Amino acid sequence: MTITELYAAEPAWLIGSVFLLSLLIGSFLNVVIHRLPIMMEREWRQQAVDLLAQKDVGLKPDLQDDGAIPLPKYNLVVPRSACPSCGAQITALQNIPVVSWLVLRGKCAHCGSPISGRYPLIELATALLSAVVAWHFGFTPHMAAALVMTWLLIGMSMIDVDHQLLPDDMTLPLMWLGLLLSLFNGAVLPITPTDAIIGAIAGYLSLWLVYHAFKALTGKEGMGYGDFKLLAALGAWLGWQQLPLIILLSACVGAVVGIALIVIRGRDRNLPIPFGPYLAAAGWIAMLWGDQIVAAYLHSLQR
Ligand SMILES: [Zn+2]
């Protein structure tokens, strides 16, 4: 029996394997969530410096780099992860998802500073949601695609929670990938290219319209352009037919969480609450159970 046959015949093996793989992916997502916003800020800073240098036409060439602080290399791989308190490098053994955090009891092995419980939680959440995807879709191309979408949605949601920002580097590739996969005409995603293209356009435009109507009425900005791009991506993946459900679900999830935050933490209701995580959660639910939810709703109307 090959491993492919085993996965097809024994869902438990598939779900278990996906769970373990996704723990590692969750560990990498922790790196992305922490570093990508820093990388973006450095890039913007560099662009601003370059732009200012261009404007100063009379500047001597050797002065044009003034203000550009040479920064050490920083990306998703370099430098190696280190303790933020003492700078001690994290060894491979201390980098095992969830397990290392439990063994170290949430403290740096070198200096004993606490390590946030968010890291193992994100690893665990990634593994659990991915296991649900494997259980739902079985060993199919759709499962592989849905896993990639799940991982990207978790990453961008957490960045949005931290920075009120959905990186173009995540929303746009997600959208292009959805459009690309729709070309297989149902072999990977259960939609046609037409559904996907209209989904992407309608997703972007619907929130764009809400944004400008809200701004015209209240003078405030209720959401960001990242939200339009995320809904465009969800439209590309799930087709335009799922957009009303996604918007409805995200509003419900957002209302429940928003009210809970105000009640529990006494959160100021004028503080910006990122919309991205709600859209992402709604898109994920629609990806798995959208058809059943719509069918159940239509069925209830007929009675
Ligand atoms: Zn330390």
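Look a little higher up for the structure.
Residues numbered from 1 in each chain as written. Predicted model: local features only at pLDDT ≥ 70, side-chain atom pairs only at ≥ 80, totals over all residues. Heavy atoms only, no water.

### Quick notes on the coordination of the zinc ion
Right, on to step 1. Taken together, the protein donors to the zinc ion comprise Cys 83 (SG), Cys 86 (SG), Cys 108 (SG) and Cys 111 (SG), at separations of 2.3 Å.
Right, on to step 2. Here the zinc ion is ringed by four donor atoms whose angles at the metal span 103 to 116°, and the overall shape comes out tetrahedral.
Right, on to step 3. For the zinc ion, all donor residues lie on one chain, and their spacing in sequence is C-x2-C-x21-C-x2-C. (Donors = N, O, S within 2.8 Å, 3.2 Å for Na, K, Ca; no water. Tetrahedral: all angles 85-135°; square planar, octahedral: opposite > 155°, others 65-115°.)

### Quick word on the environment of Ser 182
Right, on to step 1. Mapped onto the elements of the fold, Ser 182 is located in helix H6 (residues 168-182).
Right, on to step 2. Its relative accessible area of 1% is what places Ser 182 among the buried residues.
Right, on to step 3. Along the primary structure Ser 182 and Ala 236 are separated by 54 residues, whereas in three dimensions their C-alpha atoms are 7.8 Å apart.
Right, on to step 4. If we ignore the near neighbours within four places in the chain, the residues touching Ser 182 are Ile 191, Thr 192, Pro 193 and Ala 196. (Helix = DSSP H or I, 4+ residues; strand = E, 2+ residues; numbered from the N terminus. Buried < 20%, exposed > 50% of the residue type's maximum accessible area, 1.4 Å probe, protein only. Contact = heavy atoms within 4.5 Å.)

### Things to note about the packing of helix H5 (residues 141-163) against helix H10 (residues 276-302)
Right, on to step 1. The N-to-C vectors of H5 and H10 enclose an angle of 165°; their axes lie 8 Å apart at closest approach. What the angle tells us is that H5 and H10 run roughly antiparallel. Here the hand of the crossing between H5 and H10 comes out left-handed. Contacts from Ala 146, Met 149, Thr 150, Leu 153, Ser 157, Asp 160 and Val 161 of H5 reach H10 at Gly 276, Pro 277, Ala 280, Gly 283, Trp 284 and Met 287.
Right, on to step 2. Residues belonging to the contact of H5 with H10 are distributed by class as follows: eight nonpolar, four polar and one charged. (Axes fitted to C-alpha atoms, helices over the stretch in contact; angles between N-to-C directions. Parallel < 35°, antiparallel > 145°, perpendicular 65-115°, else oblique. Left-handed = near helix turned anticlockwise from the far one by under 90°. Nonpolar A, V, L, I, M, F, W, Y, C, P; charged D, E, K, R; others polar.)

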